[in-house]
Amino acid sequence: MQFGVFSVSDITRDPVSGETPSEAERIDAIVQIAEKAEEVGLDVFAIGEHHNPPFFSSAPTTLLAHIAAKTKRLIVSTATTLITTNDPVRIAEEYAMLQHLAKGRMDLMLGRGNTAPVYPWFGQDIRQSLPLALENYNLLHRLWREDVVDWEGKFRTPLQGFTSTPRPLDDVPPFVWHGSIRTPEIAEQAAYYGDGFFANNIFWPKEHYMRLIKFYRQRYAHYGHGTEKQAVVGLGGQAYIAKRSQDAIKEFRPYFNEAPVYGHGPRMEDFMEQTPLSVGSPQEVIDKTLTFREHFGDYQRQMFLMDHAGLPLKTVLNQLDLLGEEVVPVLRKEIESRQDPETAKPPTHALRVTEKYGDQPARQPRPNANRGDNVTGGSPYQDNK
Amino acid sequence: MTTQSRDLGQFQLVVVSAGTSDPSSTRLLADRVSQRVATLGLQKQLTVEIKAIELRELAGEIANALVSNHIGPKLQKAITALQHADGIVASTPVYKAGASGLFTSFFQILDNDLLIAKPVALAATAGTARHALVVDDQMRGLFAYLRTVVVPTSLFAATEDWTDPGLNKRIDRAALELVALMASGFEKQVREESWGRYQHEFGSAGGTELSIDLDSDLMKLAAGGSAN
């Protein structure tokens, strides 16, 4: 199982110090957070995509390429990449490029985005959000699997003889997670293509997620990708850890009370009791996280939200120390001993290369000389006549 | 969605009151209706079990749900009670020429499918008779949106109505209308025979609406098809 942290990239005033970090400070901080994630033994770092203040992450592949260059093992990912307002052609190009630079240590999570004003900024209509997302992904899926694509849809200019470059690393497309909290169509699309399904799991009632994940597992099996237990599921969660639980509660409360989204709302104790939020000792976080698999089945990736709501960098780095040193090693051991042996392995590039090629060498596309178009003649690549 | 099975002639009546004092005239009005429903029911060999939801006790959770979509445990219990209700008496004080914000907030949180075809009697209280049309002019619209069936007689009690025998008469009327609708099996028939004709969201109707139309245009698009 993979463990990681995901950030929404919010730049929030620290309610304790009263300071709001500058964009420059927060961007520096996120790189340090990602490097720390690797240092403490986590597997994944993921960043969100937003196009309005107070968020900084409008260009995730630039950030992730930088982080990949500064790390050795860490998988870089997104939470989420907007499949609605981004042109799927640009997603195909940018993430394939990231995949090459990261030597395969990347994947991405697609989401629709729920910030209404973003849609018109990119010439889209939120009322069409769902069909737009579904159609865009159908195209993205082909762009990474077919050297030359002819395509026509409802939402985008048609493509004639288009080749998305570079071709995916080893001709193995990046692994895709589809993030959704209530949309069966998104679960269906994830299942149809045999992709991963991610439930952010921040707000319960958990029954919402349980229903959707169950549906995804059934459809994954229906489409012949494996059994229901072999479907690839990721979950979010959030934690604040201290050696003693009363310290955790005391330290985190001012941040909880003013957090974007749920701040000024429920009491922290109620939220802890009724949602996956863990605020407490390492053991308490371990115990709560171990319950997730009982609700959702064995899964492949657990992500934690650790750096939001104005928590200062120093605190976040300290949190990552506790997460990586005291929580995750125990979780790995406990989950390994409890996990159903049928459970799928978490997705990595190496695993996907082996699945595609076995012992054979991976395809390395070499282009033919430029001839201006792909419509006439054969393939633009030398190995495909 | 699933229909709950129960003995014939056993009914759940849920009273929702947005009154704030204890006892409030808003709750008293609702109780008089529900007691009358129970009495009329007995005359027709129908047992009516009454459950009361005091929105005052849910005020914090209602506010949280409105701003953060987070449904607390007390609110969840109220939602479950309404899900299994055969009839509802909904009663609110009038503030500033409208139903209490607590009252409308509560009903705005409910999923759109929860109350489909359920019979409802509406009631309001106020300090002046000038608010008398709030029930018919404002509250009916909300309950039409929720696709409930509201009884013809609306109840309204200003201060002077509490000493007017006319109020009792209207309570009797509304109660009988509610009993007649509950006993008619209207909700059951609509849900059993016509549920699919209403627009639904996955997981609505208190988490029981789980049917997914795999042949819809969007589902075909999800499985690699093209958009229309």
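These figures come from a predicted structure and were not determined experimentally. (Residues numbered from 1 in each chain as written. Chains lettered and ligands numbered in written order. Predicted model: local features only at pLDDT ≥ 70, side-chain atom pairs only at ≥ 80, totals over all residues. Heavy atoms only, no water.)

Q: Explain the interface of chain B and chain A to me, please; I cannot follow it from the model alone.
A: With 22 residues of chain B at the interface, the matching set in chain A holds 28 residues. Between chain B and chain A, the buried area comes to about 2100 Å², and carbon and sulfur atoms account for 66% of it. Together, B:His70, B:Phe202 and B:Ala222 form the three largest contributors to the area buried by chain B at its contact with chain A, with a combined 27%. Viewed at the interface, chain A and chain B are joined by zero salt bridges. One can count four residue pairs in polar contact (both at pLDDT 80 or more) joining chain B with chain A. (Contact = heavy atoms within 4.5 Å. Buried area = accessible area lost by both parts, 1.4 Å probe. Salt bridge = Lys/Arg side-chain N within 4 Å of Asp/Glu carboxyl O. Polar contact = N/O pair within 3.5 Å; in protein donor to acceptor, adjacent residues only side chain to side chain.)

Q: I would appreciate a short explanation of the nonpolar core in the present structure.
A: Burial of nonpolar side chains together is a common tendency in soluble globular proteins. Core analysis: the largest hydrophobic core is formed by 110 residues, its most contacted members being A:Leu42, A:Phe45, A:Tyr216, A:Phe252 and A:Leu323. When residues in this core are grouped by element, the largest group, nine residues, is from helix 11 (residues 313–338) of chain A. Excluding residues within four positions of it along the chain, A:Leu323 makes contact with A:Val5, A:Leu42, A:Ile241, A:Phe304, A:Met306, A:Val328 and A:Pro329. Core analysis: the second largest hydrophobic core is formed by 39 residues, B:Val14, B:Leu82, B:Leu102 and B:Ala126 among them. (Core = buried A, V, L, I, M, F, W, Y, C linked by side-chain atoms within 4.5 Å. Buried < 20%, exposed > 50% of the residue type's maximum accessible area, 1.4 Å probe, protein only. Helix = DSSP H or I, 4+ residues; strand = E, 2+ residues; numbered from the N terminus.)

Q: Is there a simple way to think about the side chain of A:Gln189 in this case?
A: Relative to the assigned elements, A:Gln189 resides in helix 6 (residues 184–193). In contact with A:Gln189, not counting residues within four places along its chain, are A:Ala133, A:Leu134, A:Tyr137, A:Asn138, A:His178, B:Leu221 and B:Ala222.

Q: Any chance you could explain the pairing of strand 3 (residues 87–95) of chain B here in plain terms?
A: The side chains of a regular strand alternate, residue by residue, between the two faces of the sheet. Residues and elements named next belong to chain B. Buried residues dominate strand 3, accounting for eight of its nine residues. Here strand 1 (residues 10–17) pairs with strand 3 via five bridges, running parallel. Counterpart to Val-16 in the pairing with strand 3 is Ala-90. Examined bridge by bridge, strand 3 and strand 4 (residues 98–99) share two bridges and lie antiparallel to one another. In the sheet register, Val-94 faces strand 4, and the bridge partner there is Ala-99. As consecutive antiparallel partners, strand 3 and strand 4 are separated by two residues, and within that stretch Lys-96 has a phi angle of approximately 50°, a positive value. (Pairing = 2+ DSSP bridges.)

Q: I would appreciate a short explanation of the packing of helix 5 (residues 129–143) of chain A against helix 6 of chain A in the present structure.
A: Each packed pair of helices is defined by two parameters, the angle between the axes and the distance between the axes. Residue and element names in this part refer to chain A. At a minimum axis separation of 10 Å, helix 5 and helix 6 run at an interaxial angle of 15°. Relative to helix 6, helix 5 is oriented roughly parallel. As for how helix 5 packs across helix 6, the hand of that crossing is right-handed. Along its contact with helix 5, which presents Leu-130, Ala-133, Leu-134, Tyr-137, Asn-138 and His-141, the element helix 6 presents Glu-185, Ile-186, Gln-189 and Tyr-193. Of the residues contributing to the contact of helix 5 with helix 6, the split by class is six nonpolar, three polar and one charged. (Axes fitted to C-alpha atoms, helices over the stretch in contact; angles between N-to-C directions. Parallel < 35°, antiparallel > 145°, perpendicular 65-115°, else oblique. Left-handed = near helix turned anticlockwise from the far one by under 90°. Nonpolar A, V, L, I, M, F, W, Y, C, P; charged D, E, K, R; others polar.)

Q: Sorry, what's going on with the pattern of salt bridges here?
A: Any two side chains of opposite charge can pair, given that their charged atoms come close. Residue and element names in this part refer to chain B. Summed over all chains, the structure comprises 37 salt bridges over all chains. Between Asp-172 and Arg-36 there is a salt bridge whose closest N-O contact spans 2.5 Å. Here Arg-36 lies in helix 1 (residues 25–43) and Asp-172 lies in helix 6 (residues 165–184), a separation of 136 residues in the sequence. Take Arg-36: its relative accessible area is 26%, and that puts it in the partly exposed class. A salt bridge links Arg-170 to Asp-161; the nearest nitrogen and oxygen atoms lie 3.7 Å apart. The exposure class of Arg-170 is partly exposed, given its relative accessible area of 25%.

Q: Looking at this structure, how should I read the packing of helix 6 of chain A against helix 7 (residues 207–222) of chain A?
A: Residue and element names in this part refer to chain A. It is at 8 Å that the axes of helix 6 and helix 7 come closest, and there the two elements cross at 30°. As helix 6 packs across helix 7, the resulting crossing turns out to be right-handed. Mapping the contact onto sequence places Pro-184, Ala-187, Glu-188, Ala-190 and Ala-191 in helix 6 and Leu-212, Phe-215, Tyr-216, Arg-219 and Tyr-220 in helix 7. Across the contact of helix 6 with helix 7, the residue classes tally to eight nonpolar, no polar and two charged.

Q: Even after reading the chapter, I still don't get the environment of A:His349, so can you show me in this structure?
A: All names here are of chain A. Mapped onto the elements of the fold, His-349 is located in helix 12 (residues 349–357). Residue classification places His-349 among the buried residues on the basis of a relative accessible area of 14%. Look past the residues within four positions of His-349 in its chain and what remains in contact with it is Gln-99, Gly-104, Leu-169, Asp-170 and Val-172. Among the polar contacts listed, one links the side chain of His-349 to the side chain of Asp-170, at a separation of 2.7 Å.

Q: Can you help me understand the pairing of strand 5 (residues 119–125) of chain B in this one?
A: Residue and element names in this part refer to chain B. Across the seven residues of strand 5, seven count as buried, placing the element largely inside the fold. Side chains Pro-119, Ala-121, Ala-123 and Thr-125 project from strand 5 onto one buried face, and the interleaved Val-120, Leu-122 and Ala-124 project onto a second face that is buried too. The sheet contact formed by strand 3 and strand 5 spans six bridges and is parallel. Within the sheet, the bridge partner assigned to Pro-93 lies in strand 5 and is Thr-125. As paired strands, strand 5 and strand 7 (residues 155–157) are joined by three bridges and run parallel to one another. Among the inter-strand pairings, Ala-124 is bridged to a residue of strand 7, identified as Phe-156.

Q: What exactly am I supposed to notice about the packing of aromatic side chains here?
A: All names here are of chain A. For the structure on display, the rule yields 17 aromatic pairs over all chains. Taken together, the aromatic side chains of Tyr-240, Phe-252, Phe-256, Tyr-262 and Phe-271 make up a single cluster linked through ring pairs. The lysine or arginine in question, Arg-363, covers the ring of Tyr-381, its NZ or CZ lying 5.6 Å from the ring centre. (Phe/Tyr/Trp six-rings, centres within 6.5 Å; stacked < 30°, edge-to-face > 60°. Lys NZ or Arg CZ within 6 Å of the ring centre and 35° of its normal.)

Q: How should helix 10 (residues 282–296) of chain A be read in this particular structure?
A: In an α-helix, one turn spans 3.6 residues, which is why side chains three or four residues apart end up on the same side. Residues and elements named next belong to chain A. Here helix 10 spans 22 Å end to end across 15 residues, near enough to the 21 Å set by a 1.5 Å rise per residue. All buried positions along helix 10 are accounted for by Pro-282, Val-285, Ile-286, Lys-288, Thr-289, Leu-290, Phe-292, Arg-293 and Phe-296. Backbone geometry just downstream of helix 10 places Gly-297 in the positive-phi region, at approximately 90°. (Expected span 1.5 Å × (residues − 1).)

Q: What is the right way to look at the environment of A:Lys72 in this model?
A: Residues and elements named next belong to chain A. Mapped onto the elements, Lys-72 comes out in the loop between helix 2 (60–70) and strand 3 (75–78). Using a relative accessible area of 72% as the deciding quantity, one classes Lys-72 as exposed. With 37 residues separating them along the chain, Lys-72 and Glu-35 place their C-alpha atoms 9.5 Å apart.

Q: Whenever I open this one, helix 5 of chain A confuses me. Can you help?
A: For helix 5 of chain A, spanning 15 residues, the distance from its first C-alpha to its last is 21 Å, which sits close to the expected 21 Å at 1.5 Å a residue. The buried count for helix 5 of chain A comes to 14 of 15 residues, which makes it a mostly enclosed element.

Q: Would you mind showing me how to read the confidence of the model for chain B here?
A: Segments scoring low in pLDDT should not have their predicted coordinates read at a detailed level. Taken residue by residue, chain B gives an average pLDDT of 93. The fraction at 70 or more is 96%. Below pLDDT 50 for its whole length, residues 1–6 of chain B participates in ten contacts with residues either more than four positions away or in separate chains. (pLDDT = per-residue confidence, 0-100.)

Q: Please clarify how the environment of B:Gly203 should be interpreted in this entry.
A: With respect to the helices and strands, B:Gly203 occurs in the loop between helix 7 (186–194) and helix 8 (204–207). We classify B:Gly203 as buried; its relative accessible area is 9%. Along the primary structure B:Gly203 and B:Asp113 are separated by 90 residues, whereas in three dimensions their C-alpha atoms are 9.6 Å apart. Non-local contacts of B:Gly203, meaning those with residues more than four positions away in its chain, are made with A:Arg211, B:Glu209 and B:Leu210.

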